[in-house]
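Descriptive structure summary
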Amino acid sequence: MKNEYDVIIVGGGPAGVSAALSCRKNNLDVLLLDKKTKDKIGDKVCGEAISKETSHFVSDKLGIKPPSGIEVNVPVEKLVLKTSLPEDYISLPAIGYMIDRHKYGQRLLNDAINAGAEVFAEIKVVEPILKDNKVVGVKIKDSKHKDKDIFAKVIIDCSGVRGVIRTNLPEGFEPKLSKSLDRSDYASCYREIIELKEEHGLDGKIVLKYEEDIPEPGYIWFFSDGKTKLNCGTGFIKTGENRNKSVKEVYFNAMEKHYPKGSYKTLDGRGGVVSIRPPLWNAVAPGLMVAGDAAYHADPLTAEGHGPALMSGYFAGLVASKAIEKNDFSTEKLWEYNKLIFSSFGAEHARNRILTIVLESIGPNKLEFLLKRKVVKQADLTTEGILTKRSIWNYISLALRCSPRYSLLLLMRKAISISKKIAKLCQEFPESPDNYQSWKDEIEQLYSKIEKK
Ligand SMILES: Cc1cc2nc3c(=O)[nH]c(=O)nc-3n(C[C@H](O)[C@H](O)[C@H](O)COP(=O)(O)OP(=O)(O)OC[C@H]3O[C@@H](n4cnc5c(N)ncnc54)[C@H](O)[C@@H]3O)c2cc1C
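Each value, and the rule that gives it
- Residues numbered from 1 in each chain as written.
- Predicted model: local features only at pLDDT ≥ 70, side-chain atom pairs only at ≥ 80, totals over all residues.
- Heavy atoms only, no water.
- Disulfide = S-S within 2.5 Å.
- Buried < 20%, exposed > 50% of the residue type's maximum accessible area, 1.4 Å probe, protein only.
- Near = heavy atom within 4 Å.
- Polar contact = N/O pair within 3.5 Å; in protein donor to acceptor, adjacent residues only side chain to side chain.
- Areas by Shrake-Rupley, 256 points an atom, 1.4 Å probe, with all protein chains shown as cover.
- Helix = DSSP H or I, 4+ residues; strand = E, 2+ residues; numbered from the N terminus.
- Nonpolar A, V, L, I, M, F, W, Y, C, P; charged D, E, K, R; others polar.
- Salt bridge = Lys/Arg side-chain N within 4 Å of Asp/Glu carboxyl O.
- Axes fitted to C-alpha atoms, helices over the stretch in contact; angles between N-to-C directions.
- Parallel < 35°, antiparallel > 145°, perpendicular 65-115°, else oblique.
- Left-handed = near helix turned anticlockwise from the far one by under 90°.
- Contact = heavy atoms within 4.5 Å.
- Lys, Arg positive; Asp, Glu negative; His and termini not counted.
- Expected span 1.5 Å × (residues − 1).
- Pairing = 2+ DSSP bridges.
- Phe/Tyr/Trp six-rings, centres within 6.5 Å; stacked < 30°, edge-to-face > 60°.
- Patch = residues over 30% accessible without salt bridge, like charges linked within 9 Å, V, L, I, M, F, W, Y side chains within 5 Å.
- Charge placed at Lys NZ, Arg CZ, Asp CG, Glu CD.

A few words now on the state of the cysteines. Summed over all chains, the structure comprises 0 disulfides. Cys189 takes part in no disulfide bond, and the closest cysteine sulfur, belonging to Cys46, lies 10.0 Å away. Overall, Cys189 belongs to the buried group, its relative accessible area being 15%.

Below, the discussion takes up the site of the ligand. Near the ligand you find 34 residues, and of these Asp34, Gly47, Ala49, Arg101 and Asp293 are the closest. In the model, an oxygen atom of the ligand is placed 2.6 Å from a nitrogen or oxygen of the Asp34 side chain. At a separation of 2.9 Å, a nitrogen atom of the ligand approaches a polar backbone atom of Val125. Relative to its unbound accessible area of 1000 Å², the ligand is 93% covered by the protein chains. Listed by contribution, the elements that provide at least two residues to the shell around the ligand are α1 (14–25), β7 (124–131), β14 (264–275) and α5 (306–326). Classifying every residue of the shell around the ligand gives 15 nonpolar, 10 polar and 9 charged.

Under the counting rule described, the total for this entry stands at 18 salt bridges. The partner of Lys153 in a salt bridge is Asp6, and the shortest N-O contact between them spans 3.0 Å. Of this pair, Lys153 sits in strand β9 (residues 147–157) while Asp6 sits in strand β1 (residues 4–10), and the two are 147 residues apart along the sequence. Judged by relative accessible area, which is 30%, Lys153 ranks as partly exposed. Arg107 is the partner of Asp111 in a salt bridge, and the nearest nitrogen-oxygen pair spans 3.1 Å. Here Asp111 and its partner Arg107 are both found in helix α3 (residues 101–114), 4 residues apart, which amounts to about one turn of the helix. For Asp111, a relative accessible area of 21% puts it in the partly exposed group. It is possible to trace a salt-bridge network through shared partners that takes in Asp43, Arg191, Asp268 and Arg270.

So, on to the packing of α1 against α5. The N-to-C vectors of α1 and α5 enclose an angle of 30°; their axes lie 7 Å apart at closest approach. When the interaxial angle is binned, α1 and α5 end up roughly parallel. Like other packed secondary-structure pairs, α1 and α5 cross with a definite hand, here right-handed. Packed against α1, whose contacting residues are Pro14, Ala15, Ser18, Ala19, Ser22 and Cys23, the element α5 presents His306, Ala309, Leu310, Gly313, Tyr314, Gly317 and Leu318 at the interface. Here the residues of the contact of α1 with α5 are counted per class, giving 8 nonpolar, 5 polar and no charged.

Among the secondary structure elements, Asp225 is positioned in the loop between β12 (219–224) and β13 (229–236). Although Asp225 is buried, it makes no salt bridge; Lys229 carries the closest opposite charge, 4.1 Å away. Polar side-chain contacts of Asp225 include one of 3.0 Å to the side chain of Asn73. Setting aside its immediate chain neighbours within four residues, Asp225 contacts Glu48, Asn73, Val74, Met98, Ile193, Leu230 and Asn231.

Right, let's get into the packing of α1 against helix α2 (residues 52–62). A pair of packed helices can be characterised by two numbers: the angle between their axes and the separation between those axes. Look at α1 against α2: their axes get within 11 Å of each other, and the N-to-C directions meet at 20°. Comparing the axis directions of α1 and α2 gives the class roughly parallel. As for how α1 packs across α2, the hand of that crossing is left-handed. Contacts between α1 and α2 involve Ser18, Leu21, Ser22 and Lys25 on the former and, on the latter, Val58, Lys61 and Leu62. By residue class, the composition of the contact of α1 with α2 is 3 nonpolar, 2 polar and 2 charged.

Our next topic: the environment of Trp335. Structurally, Trp335 can be placed in the loop between α6 (331–334) and α7 (336–372). The exposure class of Trp335 is buried, given its relative accessible area of 1%. Taking the C-alpha atoms as reference points, Trp335 and Arg166, separated by 169 residues in sequence, lie 16 Å from one another. Ignoring anything within four residues of it in the chain, the contact list for Trp335 reads Asn282, Val284, Phe429, Pro430, Glu431, Ser432, Pro433 and Tyr436. In terms of polar contacts, Trp335 uses its side chain to reach the backbone carbonyl oxygen of Pro430, at 2.8 Å.

This paragraph deals with helix α4 (residues 247–258). Between its terminal C-alpha atoms α4 stretches 17 Å, which fits the 16 Å expected from 12 residues at 1.5 Å a residue. In this fold, the buried residues of α4 make contact with β10 (186–196), β12, β13 and β14.

When you tally the buried positions in β13, you get 7 out of 8 residues, the bulk of the element. As judged from the 8 bridges shared by β10 and β13, these two strands associate in the antiparallel manner. Bridge pairing links Cys189 to Gly235 in β13. Pairing between β12 and β13: 5 bridges, direction antiparallel. By the bridge assignment, Ser224 is partnered in β13 with Leu230.

As a further point, take the packing of aromatic side chains. For any pair of aromatic rings, geometry is given as the distance between the ring centres together with the angle between the planes. Applying the stated criterion to the full structure yields 18 aromatic pairs. An aromatic cluster is present here, built from Trp281, Trp335, Phe342, Phe429, Tyr436, Trp439 and Tyr447 joined pairwise through their rings.

Let's shift gears to a positive patch on the surface. On the surface, Lys35, Lys36, Lys124 and Arg162 cluster together into a patch of positive charge. Turning to its location among the elements, Arg162 is positioned in the loop between β9 and β10.

Structure (structure tokens):
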């Protein structure tokens, strides 16, 4: 390992490898560091359902071959929303793959190595190094716990939900990025991969089963991973009365109703966290960009974070190369990264956070009511595909007309109006950091009008 690079990337998940490939496409000198052993990079607790659209986006931009062969367990064709009603009440097209994340992750890592990125595993990045109010490097501990400082023109933090660089910036570092994860920002999850004794009959489907006993967002998922194999799990925000609830206990109680103990063998069972908040409004600082889960890039509605991580890694590499070409690593020069995020998935995710708040307020009982009364029909939702934004907002409008509760009606009306304003603001993301503060104040004020007290 050298002492200095063009770019240091912290983390070898989808955001990190995509950033590495993006930098290498522009011939930058890249170092990628991950604390895991090399053979474990890419292995992560996950629903493992990824959309065809995002994996093909990065394939076009970076030549990352979409998952294939042993990396794909089965194709995904439909998303099914179920309540306690016997039939599949809502079934939406959802084109994608159930992948083997570990195998796909390992291939992406090898793609980055073959493209010329220097990859070092078992290196724990401890904190950023700052000089003259600019991030200029990282402090690391190697596998023998030896400390070392490494320097780069640009650092890209792709270290997942804990965001080791972002959260270790000093107080007052501007623009301020140092907010650590708050309990209400993420859902704690428990996920298993199971092998059933009999076929489950859910081929091609990813199913969200809403249940009364599961805290909001209130569902257990069953993703078909093969004829007898399922990826199942649940998760919720551990605040208020759910603070001390065990996710594992909630999961096993829910499982018992569907697949009692003895009907399956557990192949893998682990906990994880997924962020459910809007993306970081600003993900750059002098010498620094933050990508993937570290910048809250997962969709707060669907938890889909793999594709957005690949996309943000690509954008970060692109902007890093332009900055290096001009020898300018200022916030102003890196600002384009924020604009790219908000003109791709960022605006949608910002709106979806409002939607999750509304769905939390509806709860499983009301969702069931709406389905039973056929307020929501399959035909209303099939055009745009998996929980697509237009169709789900269409669904809310339908609910609005039939809501049995005035307070709920008001909440929904407010949510629709706020979400429109948020979408507009995201489209008008400031051209430069100069107008950022007033833009941020405006958008945060909109959230405060709907955020649960
Ligand atoms: C239960 C669950 C289910 C999910 N289901 C889906 C799904 O079905 N579909 C989907 O698209 N997304 C899903 N997601 C989200 C998805 O897994 C993430 O959004 C995605 O992995 C984010 O990629 P990333 O590269 O930003 O971070 P990560 O994949 O978390 O990678 C971060 C990397 O950084 C490394 N690292 C961390 N700290 C340090 C440090 N200090 N020093 C060095 N290295 C470090 C880690 O070892 C890791 O390799 C799910 C998440 C959870 C928890």
